[in-house]
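Inside the fold
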There are 2 protein chains.
Amino acid sequence: MDNIGEADMKYTNQRVEIIAFLREHKGHPTVDEVYDGVRKKLTRISKATVYKNLKFLSQKGLLEEVNVKGVTRFEANFVPHHHLICRKCGKMDDFQSEELFDYSMKIAEDIEGFSIDSMSTNFYGICKQCKEDTING
Amino acid sequence: MDNIGEADMKYTNQRVEIIAFLREHKGHPTVDEVYDGVRKKLTRISKATVYKNLKFLSQKGLLEEVNVKGVTRFEANFVPHHHLICRKCGKMDDFQSEELFDYSMKIAEDIEGFSIDSMSTNFYGICKQCKEDTING
DNA sequence: ATTCTAAATGATATTCATTATTATTTAAGA
DNA sequence: TCTTAAATAATAATGAATATCATTTAGAAT
């Protein structure tokens, strides 16, 4: 079995496939996208199982839940990273910057009343595709 | 009438009160909290009107919509700021740092394919209250 | 001030993402 | 292999958010 963590839980095919799918698809899939993807390998999986496991695995710290424009998405990328979010289409890309991470965490040291353990920056703007769409009508 | 922007729209009592409420309550209220608050002044306001206006005013750029732990919240704070988010209770506090804003936007200049116009940092950790609750049982 | 009308509201119905329920199945330890 | 708590599949239930539509109103025109 592929090691997907040491948490106290059963390593069912459903969980293994859900995590594998998210590791192969970095584009912050929605529940339905995970469901459709995993169903190619486990044709009989229930959508309720996908919902329960995405929530369960997020609580266990094996996944991360994000929300853009009211849509819930999931990712399994645990290298500290930031997000580029398009105001128009809602697309969310990852963006790596150790420099920004380090700087931000240093700022966080001075914050009182909150024990900060991680951070992530959201950059907002318009993606290349949407800009082109606007120009071309 | 208090100036709440120059957008092309009717300045109804409902909209004025919703914006006023959010300016007086910086704690990122939920739809229900806005509804309960505004109802003290406009007892006959419909919750559908609150929903419609929160969405409408967000699209007009007069409010901002945020999501924590699957709960939608709104704010009217347009001074650039960051968020302190408690992993346990979901509380979201604002945190100001012009320094961090400037640094991040400078990093953003080098990003290609996205025209960045704003940013906000989310810091994750445990708030004072939750830490005390953990210690005291 | 009065009239006019597109826009907004209130009340309610509807939608649909998410959660709960429950009988059945299964992972993993004895 | 046996045992059992945990997980799954199928489906029902919930509830946040949206749509519908008759009524009202902000703001412009007369």
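Coordinates for the structure precede this section.
Quick summary incoming for the structure in this document. (Residues numbered from 1 in each chain as written. Chains lettered and ligands numbered in written order. Predicted model: local features only at pLDDT ≥ 70, side-chain atom pairs only at ≥ 80, totals over all residues. Heavy atoms only, no water.)

1. Brief notes about the sheet that holds strand β3 (residues 82-86) of chain B
Spatial ordering of the open sheet is given by β4(A)-β3(A)-β5(A)-β5(B)-β3(B)-β4(B), a layout of six strands whose pairing is mixed. Pairing within the sheet leaves two strands with one partner each, and these edge strands are β4 (92-95) of chain A together with β4 (92-95) of chain B. Pairwise comparison of adjacent strand axes, ignoring direction, gives a mean angle of 30° for this sheet. Taken together, the four bridges between strand β3 (residues 82-86) of chain A and β4 of chain A define a ladder with antiparallel strand orientation. Counterpart to His83 of chain A in the pairing with β4 of chain A is Asp94 of chain A. Across the face of the sheet, helix α5 (residues 128-136) of chain A comes into contact with β3 and β5 (114-127) of chain A together with β5 (114-127) of chain B while running at roughly 25° to β5 of chain A. Running at roughly 135° to β5 of chain B, helix α4 (residues 98-108) of chain B makes contact with β4 and β5 of chain A together with β3 and β5 of chain B of the sheet. (Pairing = 2+ DSSP bridges. Helix = DSSP H or I, 4+ residues; strand = E, 2+ residues; numbered from the N terminus. Axes fitted to C-alpha atoms, helices over the stretch in contact; angles between N-to-C directions. Contact = heavy atoms within 4.5 Å.)

2. Some words on the interface of chain B and chain A
Listed by partner, the interface residues are 33 residues for chain B and 33 residues for chain A. Where chain B abuts chain A, roughly 2900 Å² becomes buried across the two surfaces, and 61% of that area is made up of carbon and sulfur atoms. When the buried area of chain B at its contact with chain A is split by residue, Tyr103, Phe114 and Phe123 of chain B rank highest and sum to 22% of it. At the boundary of chain B and chain A, one finds two salt bridges. For the salt bridge of Asp117 of chain A with Arg87 of chain B, the shortest nitrogen-to-oxygen distance reads 2.9 Å. Taken together, the links from chain B to chain A amount to 18 residue pairs in polar contact (both at pLDDT 80 or more). (Buried area = accessible area lost by both parts, 1.4 Å probe. Salt bridge = Lys/Arg side-chain N within 4 Å of Asp/Glu carboxyl O. Polar contact = N/O pair within 3.5 Å; in protein donor to acceptor, adjacent residues only side chain to side chain.)

3. Section: the protein's contact with DNA strand D
In the region of DNA strand D, 19 residues are neighbours, and Thr12, Gln14, Arg15 and Thr49 of chain A together with Tyr51 of chain B sit closest. At 3.3 Å, a side-chain N or O of Lys10 of chain A approaches a base nitrogen of DNA strand D. Side-chain polar atom of Thr12 of chain A to a phosphate oxygen of DNA strand D: 2.7 Å apart, as the coordinates give it. Of all elements in the fold, only α1 (13-24) and α3 (47-59) of chain A together with α3 (47-59) of chain B reach the threshold of two or more residues within the surface near DNA strand D. The class makeup of the residues in the surface near DNA strand D is six nonpolar, six polar and seven charged. (Near = heavy atom within 4 Å. Nonpolar A, V, L, I, M, F, W, Y, C, P; charged D, E, K, R; others polar.)

4. Structural notes on unusual backbone geometry
Residues and elements named next belong to chain B. Even without being a glycine, His28 presents a positive backbone phi close to 55°. By the secondary structure assignment, His28 is in the loop between α1 (13-24) and α2 (31-39). Positive phi, normally seen in glycine, also occurs at Lys69, with a value near 50°. Here Lys69 shows up in the loop between β1 (64-68) and β2 (71-75). Residue classification places Lys69 among the exposed positions, given a relative accessible area of 53%. (Buried < 20%, exposed > 50% of the residue type's maximum accessible area, 1.4 Å probe, protein only.)

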